[in-house]
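Report on the structure
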Amino acid sequence: MTATTFLFVPGDRPDRFGKAVASGADVVLLDLEDAVAPADKDTARAAVGTWLDGGGTAMVRINAPGTPWFEADAALVAALGVPVVVPKAETPGVLAGFREVVALVETARGVERAGELAAVPSVTRLAFGSVDLAAELGVAPEDPEPFAYARSRLVIASAAAGLAPPVDGVTTDLRDDERLAADVRYARRMGFGGKLCVHPRQIAPVRAGFEPTEAERAWARRVFTAGASVSTVDGKMVDKPVLARARRILGE
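Residues numbered from 1 in each chain as written. Predicted model: local features only at pLDDT ≥ 70, side-chain atom pairs only at ≥ 80, totals over all residues. Heavy atoms only, no water.

**Some words on the nonpolar core**
Short version of the rule: What is meant by a nonpolar core is a set of buried Ala, Val, Leu, Ile, Met, Phe, Trp, Tyr and Cys residues, joined one to another through side-chain atoms within 4.5 Å. Relative accessibility thresholds used throughout: buried, under 20% of the residue-type maximum; exposed, over 50%; partly exposed, between the two (1.4 Å probe, protein chains only). Here, two residues are considered to be in contact whenever any of their heavy atoms come within 4.5 Å of each other.
Of all hydrophobic cores here, the largest spans 52 residues; its most connected members are Leu95, Phe98 and Leu126. Excluding anything up to four places from it in sequence, Phe98 contacts Ile62, Phe70, Ala74, Val77, Val84, Val86 and Ser122. Counting 12 residues, the second largest nonpolar core, distinct from the first, contains Ala3, Val102, Leu104 and Ala127.

**A word on helix α3 (residues 70-80)**
Let me state the cut-off plainly: Here a helix means four or more residues in a row that DSSP labels H or I, a strand means two or more in a row labelled E, and each is numbered from the N terminus. The arc in question is the one spanned by the directions pointing from the helix axis to the C-beta atoms.
Taken as a whole, α3 has its buried residues at Phe70, Asp73, Ala74, Leu76 and Val77. Buried residues of α3 fall within an arc of 155° about the axis and therefore sit on the same side. Opposite its buried face, α3 presents the exposed residues Glu71, Ala78 and Ala79, each directed more than 90 degrees away. Considering only its buried residues, α3 is in contact with α2 (41-53), β3 (59-61), β4 (84-86) and α4 (92-95).

**Describing the pattern of salt bridges**
We apply this condition: Throughout this description, the term salt bridge denotes a Lys or Arg side-chain nitrogen within 4 Å of a carboxyl oxygen of Asp or Glu.
Across all of its chains, the model carries 15 salt bridges by this definition. One salt bridge connects Asp26 with Arg207, and the closest N-O pair in it is separated by 3.0 Å. Within this pair, whereas Asp26 is found in the loop between α1 (17-22) and β2 (27-31), its partner Arg207 is found in helix α10 (residues 203-210), the two being separated by 181 residues in sequence.

**Re the layout of surface pockets**
Quick reminder of the rule: A 1.4 Å probe that fits but cannot get out identifies a cavity on a 1 Å grid over protein atoms alone, an open set with protein on both sides within 12 Å along at least five of seven lines counts as a pocket, and a residue lines either if it has an atom within 4 Å of a point. Grid points are joined across faces, edges and corners, and a volume is the space filled by probe spheres set on the points. Under the convention adopted here, Pro, Cys and the residues Ala, Val, Leu, Ile, Met, Phe, Trp and Tyr are nonpolar, Asp, Glu, Lys and Arg are charged, and Gly plus all remaining residues are polar.
As a volume, the largest pocket reaches approximately 790 Å³. Only α8 (148-161), α9 (177-190), α10 and α12 (240-250) provide two or more residues apiece to the lining of the largest pocket. Grouping the constituent residues of the lining of the largest pocket by class yields 10 nonpolar, 6 polar and 8 charged. In this structure, the second largest pocket occupies an estimated 420 Å³ of space. As for the second largest pocket, its lining consists of 25 residues, of which Phe8, Asp31, Arg61, Val170 and Val198 are closest to the centre. Listed by contribution, the elements that provide at least two residues to the lining of the second largest pocket are β1 (5-10), α1 and α7 (130-137). The element best represented in the lining of the second largest pocket is β1, accounting for 4 residues.

Such coordinate-based values are descriptive only and should not be taken to indicate function.
This is the structure:
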């Protein structure tokens, strides 16, 4: 899975499901967890099931293992055969019970087990839940510094398991375009390849932010055109890893 934009939509708002699909997001995430109040969990599950059974296409974020709603949520996605986002991912055995899963790592224990989670055959991607981890650590979720270690763990674990780069957490301020752009730039620098979105207006800037810049493309074309026989480009060494990076930038 190489998607860049993942858009959450509350599971108890079926009127928004089609709009979310039409938004242009690479992946729509029908949310049964944080976006739905406890009293509305059953209603949301029924609405998600009806829409997906009727031909809708989306992933489903279920409630976390150990919650009262986990078993019913897991049964729903299994019956429909849809991919699932498992929050508070910590236990490889739980993830192995699904056919296709994005493991949302948002606890200290999950971070420490990132390599084990990424190695589960059914896991197609790791994602980072910065807001929940911030609450556990007692730090501000908008400050990237406390999460540098956690982000690096997910990036390394993904690469070691042969997965696409992980998906970064949400930017909660819907009005601050500069904050969103800065968050995307930082995530890309750290090695992430996508981002969770909480509003359709975030999709276009997130997608653009993960695209190679024109300067990067120009550099990659120079390296790629020069080929393996040239040892330097722009005064810098060119070897096999550099050529591989140039190919990735150009989509070769």
